[in-house]
Every structure is written in structure tokens, then in C-alpha cells.
Amino acid sequence: MNFTPGANDFSEAVESDRAHVWHHLSQHKRYETSDPMVMIEGKGLRLWDAQGREFLDAVSGGVWTVNVGYGRTSIADAVRDQLVKLNFFANSAGNIPGALFAQKLIEKMPGMSRVYFSNSGSEANEKAYKIIRQIAHNRYGGKKHKILYRERDYHGTTITALSTTSQNQRRDQYGPFTPGFVEVPHCLEYRSQFGPCEDYGVRAAKAIEDVILREGPDTVGGIVLEPVTAGGGVITPPEGYWETVQEICRKYDVLLHIDEVVCGMGRTGKWFGYQHYGVKPDIVTMAKGVASGYAAISCTVTTEAVFDEFKSDPSDPMSYFRDISTFGGCAAGPAAALENLRIIEDENLLENTTQMGDYLMGRLEELKQKHEIIGDVRGKGLFCGAELVSDRETKEPAPEHVVQAVTADCMAQGVIIGATNRSFDGFNNTLCLSPALISTRNDIDAIVDAVDGALERATTS
């Protein structure tokens, strides 16, 4: 699988990339003097680039996506066969893989019943916001339209999705934003806003109630939360948090929308992150791991009660959900998702994720004992983070250049890891690890050993 320049000359593609491709989250000035990275092939957890370098991918495609690993011919075959049979028809009509995948998905989500297809996490969340807003108009005369979002969470890249994203470096220079969205406090116990306390999870949730009361319960219609905060620092919810959130939503008739774009489809060791906490959401959104990147697909899933809100008055031409997603009608997405789901089931990847996640957290705890720069380790399943600090007592965040030196060192070793990136002023200091659900102990050891060496060099140079 290793490429040699003579046998595989990709120089023309690299030059075309440099001349014409605008890369995501990238400062392009550097490409005037160095080649952009161009990936060529993947197999399992391994990747190869145009220069013939081999990498172990510890971030599942860079953004928590390739859950079942690279090179899955059965998914590619399912997509190819579906494209030949029927590639697309607008989802005002159904298609066979869409219907079958919706049924299989709902079987994994007790209490949910309806699946709305689109093509990205941002779009899936936009649909959820529109659902909440339309219910507010139909039931409450438009007054109960506000949607709460949580500090540090990320919900997408469109203007309205950014309106519910509390990461200033992702938002700055892109306003003004959509009105009617209100921030609630974070739930990162390591950086408790209440000081040391035994019931932090309950207090963090009660802070949401404070916001509802401040805004007026008759104006708040929904809240969107990640089950485990992803790009905001891999924040696992503290004990008592989700139970209290559920109680508050029921008390004030607030629709609970859980954003599973990162956590969904096995990343945390269950089909969905919220299933660890006994929560009963009204709306669940997902993308990324739904088809592991083999085709574009996202889903906005609702309860039957939410769905019924849009067929209560068929005589009113404005009463139904007047929304469409062009590529929500692409049949390749659910075809890929069906095969992706089968692989997760047949290969027992939920169990593997739990076991390997426990092993990864144990290895990270070992690193914490060894390296003073690690202030906290957090995670659920194969979704883990290590927050780097300059001083453990004060918890002063490690400088961003040190964090980036660690990720660059790992890359030089042939291991791709992530870090909070263009998220917060002064807090882009959490290393992010999210290898594919097929990871083995050897894979975990290779990833952690690379981080170990990188931390050693970053703190002694």
C-alpha cells in the first residue's frame, strides 16, 4: 500500500489542488512555499497521501466521521448499485433505501418515529429549528419561538446554525446572526463557574432554568444540546445533569433537541450518546457517522407527537412542514447508511467501542500521571480528549502554539490527532482523539505512544 513517487506521480493533482481548491479551516499563505496535503487512499484506520506517507488516523477523517473505517467495499458496492438503479428523486416521494433505513434507524431509537432526510449536520439542525419555530407559530401565536443553546457547543456552519454555536472564533466576522437564540451556561465541571461543589451537574442544569425564567417560559420553545460537547473541548456531562435538563424541559413545555451529529451511530458505545443518560428527546439530529462519509446524508428524527403537529389541519395550506432539501432525495445516502448500520451490528462495534474506549481512557490517565501539562482527561467510548494546561493548580490553558506543536509532532510520527481549533480565545487547548470504531488495542497504543512522545518534546524544548 505504500506509494513510491516513481510509480505513482500525483504532482499534477497536487498542483491543481494548490491552484484551485479552497481548503476548509486553512490559512493558504503557507501553500505558496509548501505542498497542500492531498490524501490518496485509505484502508481501515490507515491513510496514504500523495507523497507516499502512511498515517494512522485517530480522528476518523479529521472530523469524527469515518466510524467503520476506510475501504469498505460493501458500502461502495451498495452505493454504486443504488446509483445505477435510482440515483435521485426529490424526497416529496420516497425511495426504497430511504424507507428501509428509516425503519432500521427507528428500531434503534425507542420513542422516536419519523425521519427527515437532508445532507449535512448544519442542515439537519436548521430543520429542527424550523420545526420548533413553526410549532411556536401554530400553537402559541409565534410567541414561544426562542431556542436555547449551550456555551461551548457547536451546531453547524450556516448563519443560523452559527447563531446557536457558542464558539466565538467560529462566529466572529460572520454576524449579524439570526435573532431568537439564547445562550445557557456550559457544563464543564473541570472549569466550574460555581466554584467547587458536590452537585455541579444539577446546578449547571438549573442554570438553564434560570435563563428560561429570565426570558419568560412562554417565549422559550426549544433547547439544542450536544450529548457530549465535541469541538468545544470533549465535555462529558456531569452526574445529574441530563436528568435535571429533562425535568426542566417538561416543566416549561420546552422541546428537547439533541444534536448527535458527532456522537450518533456508535461513537460513544451506544447507538446515540443520549442513550447513556435515560433522556427522552423530542428531536434528534445526526450526520457524520450515519454513513461514515461514504455518501452525504443527515437525518432530523422526531417523535410522533412532534410529527402530528404538522398534519392537524389539512385544510390549512400553511400548516404542514413547508421545507425541502434537494440532496435529501439522493438515494445513495440511505443505501450507504443501511450497509454502515449492518456493519456496526454484525461486527459488534458498539461493544468494541466501549471496550476500546475504556482502554483509551485508561491510557490517557497514565499520560496524565506522567505529564504535568495534562490537566484533565474526558471522554465516552472512542470520543476522548485531554485538556492541556500550563499550571495544574490555576488551570491556566496551555498556549495554543504548544498544543499545535503536539499535533504537528504526532503528524510527523505518522499519527493524525485533533485539537480544539479556531473555537475559543485562549481555550484551543484540548487534544481530541476519535479513532474508528474498529480500533484495536494496538491502534490505541500507537496513538497514545505518539501523543506521549509529542508531549515530552513539547514540554522540554
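Residues numbered from 1 in each chain as written. Predicted model: local features only at pLDDT ≥ 70, side-chain atom pairs only at ≥ 80, totals over all residues. Heavy atoms only, no water.

**Structural notes on the packing of helix α4 (residues 96–107) against helix α11 (residues 332–346)**
Here comes step 1: Close contact between α4 and α11 brings their axes to 8 Å; oriented N to C, the two are set at 35°. Here α4 runs over α11; the crossing is left-handed. Here α4 contributes P97, G98, L100, F101 and K104 to the contact with α11, which in turn contributes P334, A335, A337, L338 and L341. (Axes fitted to C-alpha atoms, helices over the stretch in contact; angles between N-to-C directions. Helix = DSSP H or I, 4+ residues; strand = E, 2+ residues; numbered from the N terminus. Left-handed = near helix turned anticlockwise from the far one by under 90°. Contact = heavy atoms within 4.5 Å.)

**Observations concerning unusual backbone geometry**
Here comes step 1: A cis amide bond, omega 5°, links G175 with the succeeding residue P176.
Here comes step 2: Among the structural elements, P176 can be located in the loop between α7 (168–171) and β6 (181–184).
Here comes step 3: Unusually for a residue other than glycine, S292 sits at a positive phi of about 55°.
Here comes step 4: Structurally, S292 is set in the loop between β9 (283–286) and β10 (298–302).
Here comes step 5: In this model, N348 sits at a positive phi of 55°, which is unusual for a non-glycine residue.

**With respect to the environment of G142**
Here comes step 1: Inspection of the secondary structure puts G142 in the loop between α5 (121–140) and β5 (146–150).
Here comes step 2: Taking relative accessible area as the criterion, G142 reaches 14% and is therefore assigned buried. (Buried < 20%, exposed > 50% of the residue type's maximum accessible area, 1.4 Å probe, protein only.)

**Points about the pairing of strand β1 (residues 39–43)**
Here comes step 1: Pairing between β1 and strand β2 (residues 46–49): four bridges, direction antiparallel. Bridged to E41 within β2 is W48.
Here comes step 2: The loop that links β1 with its antiparallel partner β2 comprises two residues; one of these, G44, has a positive phi angle of about 65°. (Pairing = 2+ DSSP bridges.)

**Considerations on the environment of C330**
Here comes step 1: By secondary structure assignment, the location of C330 is in the loop between α10 (304–308) and α11.
Here comes step 2: Taking the C-alpha atoms as reference, C330 lies 4.5 Å from F88; in sequence the two are 242 residues apart.
Here comes step 3: In contact with C330, not counting residues within four places along its chain, are N87 and F88.

**With respect to the sheet that holds β1**
Here comes step 1: Strand order in the open sheet formed by four strands is β1-β2-β3-β14, with mixed pairing between adjacent strands. Two strands bound the open sheet, and with one partner strand each, they are β1 and β14 (415–416).

**A word on the packing of aromatic side chains**
Here comes step 1: Per the counting criterion, the structure on display carries eight aromatic pairs.
Here comes step 2: Judged by centre distance (5.5 Å) and plane angle (70°), the rings of Y116 and F321 are edge-to-face. One end of the pair, Y116, is in strand β4 (residues 114–118); the other, F321, is in the loop between α10 and α11, and 205 residues separate them in sequence.
Here comes step 3: For F321, a relative accessible area of 16% translates into the label buried. (Phe/Tyr/Trp six-rings, centres within 6.5 Å; stacked < 30°, edge-to-face > 60°.)

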